[in-house]
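Structural characterization, general
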Amino acid sequence: MRIPADHWLLALRTVLAVWLALFLSMRLDLYQPAWAILAVMIVTLQPVMFTGGTPPIGIIIGRSVARLFGTLFGAIVGLVMIALFGQQPMLYLLFAGAWLAFCMYWVMLEQDEHLGYVMMLSGYTATLVSLTAIGNGIDNIWSVAQGRFSETALGIGCGLLAHVVIAPRFGSRALPSALSRFLSQAATETLTTLAEPRSQPRSQASRDAPLKALFQHYQQFEKLRGLARLETRRLSHFIPALDRFASDGLALITAVRELETALDYLRHCDDGEHWLAELRQQALPLLRAIESEPDGKPTERLSLADFDWNDDAIAPRTRARAELVRQRLGEVLGLLQHGRRLRNALDDPTSSKVKALPRERRSRVTHNEHFVARYNAFRVFIAFELLGQIWVHSGWHSGYLAMMLLGVFTMLFAKAPNPAAVVYQFLWGSIAAVILGGILLFLVLPAINGFPLLAIAIGIPVAIGTLMTPHPRWSLIGLAGAITMMTLLNLHSTYTFSPTSYINGGLASIIGTIASMITYSLFRQRSAQERIETLMAAYWRGLGRLLREKSLPNRARLESRLYDRLGRLVALGGSDSAVREAIDLHALALCVWRIRRLRDALGPHRAEIEAWLGDIGRRVVARRRHDPAVWHELADEAVGWVERLYHQAHLPIASIGEIAMLGHLMREAPGVALEARAGETTDEIDESLDGPGDAASDATAATSTANATSGGSRHAD
């Protein structure tokens, strides 16, 4: 297999950072040099599983800072637990398990990646520190806690220095091009939708695929947007504007989808093409300019002119549908121009137009899967308590090592789609590390004298593990083997030939890993289908409240919650149709919001229409599965209301058009396919909102920490 140059460069960074951390920790005579190596490997290689190569420096900075604070907080909690319960093992097990469960619950609900990472580190670092002290004597707890934090900080600094000095990669530099691709794709899809009618209309599949591509471009922009605040101060004053466009970008995708629906219904009118041609004439030049040159100089905001028609000569149905198309097309053009202004400002931060960008961040609300969080917290607590009872009553001295790994694995792998399979792959890497580490420890290191030879002996397995990490098939095995092998050497003490102690520590690590696999097998996580069902139920409850309650929620907060739920549905559903249907659900909620916002314009019909909307809310909440026939019935009711309102001259066309759009969306039977997928029993969905990458590298760290407390070693000076 050919190894890319980027992977060789990654291996060089890792090896040099490991050498620097090892040299400084030995020179300073720190408690456990292996912990510094651990921090280097995790900071350097942890994000590699997501990027497949050198990660952006923003990810490294974010993880480094979060790891530093998480380790500090966890070390303090470990000190407190030993101070309170060091002589009371049963109480210690109870409170340590409760702390793990609390941190797990927080991690599963926290949407901020870095804060969630802090709590994850706090959870298992507290058990690592306290259990290490219990295994080696609680009188040594201060040295353990201090050593864990200081050497983690040293390793973080060395890893971060290597990434900054040696060919740093700035992900935020790709942010403008990602925004350009998103805007260009949105303009392209709008142009395709506005194109002259074909002899054969586009199939549903040909419509869904571009929509999914547009959503993927948006997700790429979202991912890079998060790096801007960490990598450079040049874009710091753009953060509020980028946050604002993160919401507007989702609104743009929804508006494109609604425009497509509105156009379909306008084309059913005999003279629909006449009014559509008038809109094309105004919109096509701007759309083509954005498609070909999204980073071009922004123009004045284009406002589509009102239609000049004779109300008596034009059918009310045509007027309502044409006006609805004009409104949706105007929304698309406005959002595209907003994005173009932001894109142009990113290239010219000194431009006077930067002052016109938003300066305040929008508040965001997320959807929390409380059942998933509670279940995982319960799982880690029960597993930790049961293994703790075995450890206490068996008198097995190295049992605390197995408990370390159990607590870490059950916490770190909780978000993986198949945690038992992840632990199984990690197990093979650990077994290989135990075997090869024994060879290195008992055959190679006794013949080594001096730091240069020790550095070479350590650098070879580190380089091999680093080169394996970017490949999904070997990432867990390579990372687990490299880190575990390094810490099996136990570099903090002079060399003693003690194979019994080494084997005991290795077996404890393997038993802890197997216990984690058993835990995941007995306490199975909710399947993707069950999670989809829960998410859909939450959506219907929220839609029911939106339809029935008198107060209207803030649109930005509503959109952010809908987006969070939409992202989860897309990740769990996977297909192009799932993306389209999730966006339809988003559009349905926003359409209801707009109708409620325009309720004052409904005049004498306001009370009746609000009662009708409330009835829809009760009906959608009452059903667990929504039959397309029911949706068609609701759509017919909406059409009936539109037919009544057509002849009310005093009512604005906008209000009638929104009710018509609601009927169009309900006729698409949104959510039916996702609900059907939730009812399936197949296991074909392997995607999750978070992959096992975070867990894998941190779990390797836990294994190595546990192994570092036992086994033969040597001291190189």
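Throughout this description, residue numbers start from 1 for each chain and increase along the sequence as written. Under the rules for a predicted model, residues below a pLDDT of 70 receive no local features and side-chain atom pairs below 80 are neither given nor counted, while totals for whole chains, interfaces and linings still include all residues. Excluding hydrogens and water, the side-chain values take into account all heavy atoms of the structure.

Structural notes on the overall build of the protein chain
Regarding its fold elements, the protein chain presents 26 helices and zero strands. For every residue, the accessible area (1.4 Å probe, protein chains only) is compared with the maximum for its type, and the residue is labelled buried under 20%, exposed over 50%, or partly exposed between those bounds. Burial analysis of the protein chain (717 residues in total) assigns 57% to the buried set. The contact definition used throughout considers only heavy atoms, calling two residues in contact when any of these lie within 4.5 Å. When contacts within the protein chain are restricted to residue pairs at least 6 apart in sequence, long-range pairs at least 24 apart make up 85% of them. The accessible surface values rely on the Shrake-Rupley method and a 1.4 Å probe; as for residues, cover is taken only from the protein chains in view. Surface summary for the protein chain: the accessible area is close to 28,600 Å², and the carbon and sulfur share equals 58%. A run of H or I in DSSP counts as a helix once it spans at least four residues, and a run of E counts as a strand once it spans at least two, with each numbered from the N terminus.

What about the pattern of salt bridges?
Charged atoms that come close allow side chains of opposite charge to pair. Salt bridges are defined by distance alone: a side-chain nitrogen of Lys or Arg within 4 Å of a carboxyl oxygen of Asp or Glu. All told, the structure shown has 22 salt bridges when counted by the stated rule. Its salt-bridge partner being Arg596, residue Glu610 comes within 3.7 Å of it at the nearest N-O pair. Linking Glu610 in helix H22 (residues 606–622) with Arg596 in helix H21 (residues 576–597), this pair joins segments that are 14 residues apart in sequence. Classification of Arg596 as buried rests on a relative accessible area of 3%. Note that Asp615 and Arg619 form a salt bridge whose closest N and O atoms lie 3.3 Å from each other. Here the residue Asp615 and the residue Arg619 both occupy positions in helix H22, the gap between them amounting to four residues, near one helical turn. Note on Asp615: relative accessible area 28%, which makes it partly exposed. One salt-bridge network, in which partners are shared between bridges, spans Asp208, Arg257, Glu260, Arg580 and Asp584.

Describing the side chain of Thr132
Its place among the elements puts Thr132 in helix H6 (residues 113–136). Within 3.5 Å is the distance limit for a polar contact, defined as a pair of N or O atoms, with the added protein rule that one can donate a hydrogen and the other accept it, and that residues adjacent in sequence qualify only through two side-chain atoms. Among the polar contacts made by the side chain of Thr132, one reaches the main-chain carbonyl oxygen of Leu128 at a distance of 2.5 Å.

Considering a positive patch on the surface
Only residues whose relative accessible area exceeds 30% and that take part in no salt bridge are eligible for patches, with like-charged residues grouped when within 9 Å of each other and nonpolar side chains (Val, Leu, Ile, Met, Phe, Trp, Tyr) grouped when within 5 Å. Neither His nor the chain ends is counted toward charge; the positive residues are Lys and Arg and the negative residues Asp and Glu. Taken as the charge location is NZ of Lys, CZ of Arg, CG of Asp or CD of Glu. On the surface, Arg541, Arg545, Arg548, Arg557, Arg561 and Arg618 cluster together into a positively charged patch. Mapped by element, the contributors of at least two residues to the positive patch are helix H19 (528–548) and helix H20 (555–573). No other element matches the three residues that H19 contributes to the positive patch. For Arg618, the location among the structural elements is in helix H22.

Focus on the environment of His664
Within the secondary structure layout, His664 lies in helix H24 (residues 653–667). We classify His664 as buried; its relative accessible area is 7%. Between the C-alpha atom of His664 and that of Val639, which follows or precedes it by 25 residues, the distance is 8.7 Å. Look past the residues within four positions of His664 in its chain and what remains in contact with it is Thr261, Tyr265 and Leu324.

Thoughts on the packing of H6 against helix H14 (residues 399–412)
Lines are fitted to the C-alpha atoms to define the axes, a helix being fitted only along its stretch in contact, and any angle between axes, read from their N-to-C directions, falls within 0 to 180 degrees. Interaxial distance between H6 and H14 falls to 9 Å at its minimum, and their mutual angle equals 175°. Relative to H14, the element H6 lies roughly antiparallel. On H14, the residues that touch Met119, Met120, Gly123, Tyr124, Leu128, Leu131, Thr132, Gly135 and Asn136 of H6 are Tyr400, Met403, Met404, Val408, Met411 and Leu412. The residue classification treats Ala, Val, Leu, Ile, Met, Phe, Trp, Tyr, Cys and Pro as nonpolar and Asp, Glu, Lys and Arg as charged. All others, Gly included, are polar. Class assignment of the residues belonging to the contact of H6 with H14 gives a composition of 11 nonpolar, four polar and no charged. If an angle is under 35 degrees, it is roughly parallel; if it is over 145, roughly antiparallel; if it lies from 65 to 115, roughly perpendicular; otherwise it is oblique.

What to know about the packing of aromatic side chains
Centre distance within 6.5 Å is the pairing criterion for rings of Phe, Tyr and Trp, where only the six-membered ring of Trp is used; planes under 30 degrees apart are then read as stacked, over 60 as edge-to-face, and the remainder as tilted. The final tally for this structure, using the stated rule, is 14 aromatic pairs. Aromatic side chains Phe23 and Phe451 sit 5.6 Å apart centroid to centroid with 70° between the ring planes, which places their arrangement in the edge-to-face category. With a gap of 428 residues between them, Phe23 in helix H1 (residues 5–27) and Phe451 in helix H16 (residues 451–468) connect regions that are remote in the sequence. Using a relative accessible area of 39% as the deciding quantity, one classes Phe23 as partly exposed. For the ring pair Phe182 and Phe245, a centre distance of 6.2 Å and an interplane angle of 75° mean the geometry is edge-to-face. Highlighted residues: Phe182 in helix H8 (residues 175–194) and Phe245 in helix H10 (residues 239–266), separated in sequence by 63 residues.

Remarks on unusual backbone geometry
For Asp29, which is not glycine, the phi dihedral falls at a positive 55°. Along the polypeptide, Asp29 turns up in the loop between H1 and helix H2 (33–45). One non-glycine residue, Ala669, lies in positive phi territory at about 55°. Counting through the fold element by element, Ala669 comes out in the loop between H24 and helix H25 (672–678). Overall, Ala669 belongs to the buried group, its relative accessible area being 10%.

Looking at the environment of Leu543
Along the chain, Leu543 turns up in helix H19. Judged by relative accessible area, which is 4%, Leu543 ranks as buried. Between the C-alpha atoms of Leu543 and Ala589, which are 46 residues apart in sequence, the distance is 6.4 Å. Ignoring sequence-local partners within four residues, the contact set of Leu543 consists of Leu588, Ala589 and Val592.

Considering the confidence of the model for the protein chain
Summarising the model, the protein chain shows a mean pLDDT of 79, and 86% of its residues fall at 70 or more. Of the regions scoring below 50 in pLDDT, residues 681–697 engages in 40 contacts with residues more than four places distant in sequence or in other chains. Along the chain, pLDDT gives the predictor's confidence residue by residue, from 0 to 100. For the stretch residues 699–717, pLDDT sits under 50, and the model shows 86 contacts to residues farther than four places along the chain or on other chains.

A few points about the packing of H10 against helix H12 (residues 316–347)
Contact geometry of H10 with H12 gives a least axis separation of 8 Å together with a crossing angle of 150°. With respect to H12, the axis of H10 lies roughly antiparallel. Relative to H12, H10 is oriented so that their crossing is left-handed. Crossing handedness is read from the near helix: turned anticlockwise from the far helix by less than a right angle, it gives a left-handed crossing, and turned clockwise, a right-handed one.

Here's the deal with the environment of Gly171
Relative to the helices and strands, Gly171 resides in the loop between helix H7 (141–165) and H8. Looking at Gly171, the relative accessible area reads 5%, which means it is buried. Note: C-alpha distance between Gly171 and Ile57 (114 residues apart in sequence) is 7.0 Å. Those residues in contact with Gly171 that sit more than four places away from it in its chain are Pro56, Leu224, Leu227 and Glu231.

As for the nonpolar core
Take the buried residues of types Ala, Val, Leu, Ile, Met, Phe, Trp, Tyr and Cys, join any two whose side-chain atoms come within 4.5 Å, and each joined set is a nonpolar core. Residues Leu336, Leu543, Trp612, Trp631, Leu662 and Met666 are the most contacted members of the largest nonpolar core, which totals 110 residues. The dominant element in this core, judged by the number of residues it contributes, is H10, at 15 residues. Leaving out residues up to four positions away in the same chain, Trp612 has contacts with Leu634, Glu637, Ala638, Trp641, Ile659 and Leu662. The next biggest cluster of nonpolar side chains, apart from the first, holds 58 residues, and it includes Val118, Val372, Ala383 and Leu405.

Here we look at H21
What a helix is expected to span follows from its residue count: subtract one and scale by 1.5 Å. Taking 1.5 Å of rise per residue, 22 residues should cover 32 Å, and H21 covers 32 Å from first to last C-alpha, within 8% of that figure. Burial analysis of H21 places 19 of its 22 residues in the buried class, which makes it a mostly covered element.

A closer look at a nonpolar patch on the surface
A cluster of nonpolar side chains, namely Val65, Phe69, Leu72, Ile76, Val80 and Leu84, defines an oily patch on the protein surface of about 520 Å² accessible area. Position of Val65 relative to the elements: it lies in helix H4 (residues 57–85). According to the relative accessible area criterion, Val65 is partly exposed, its value standing at 41%.

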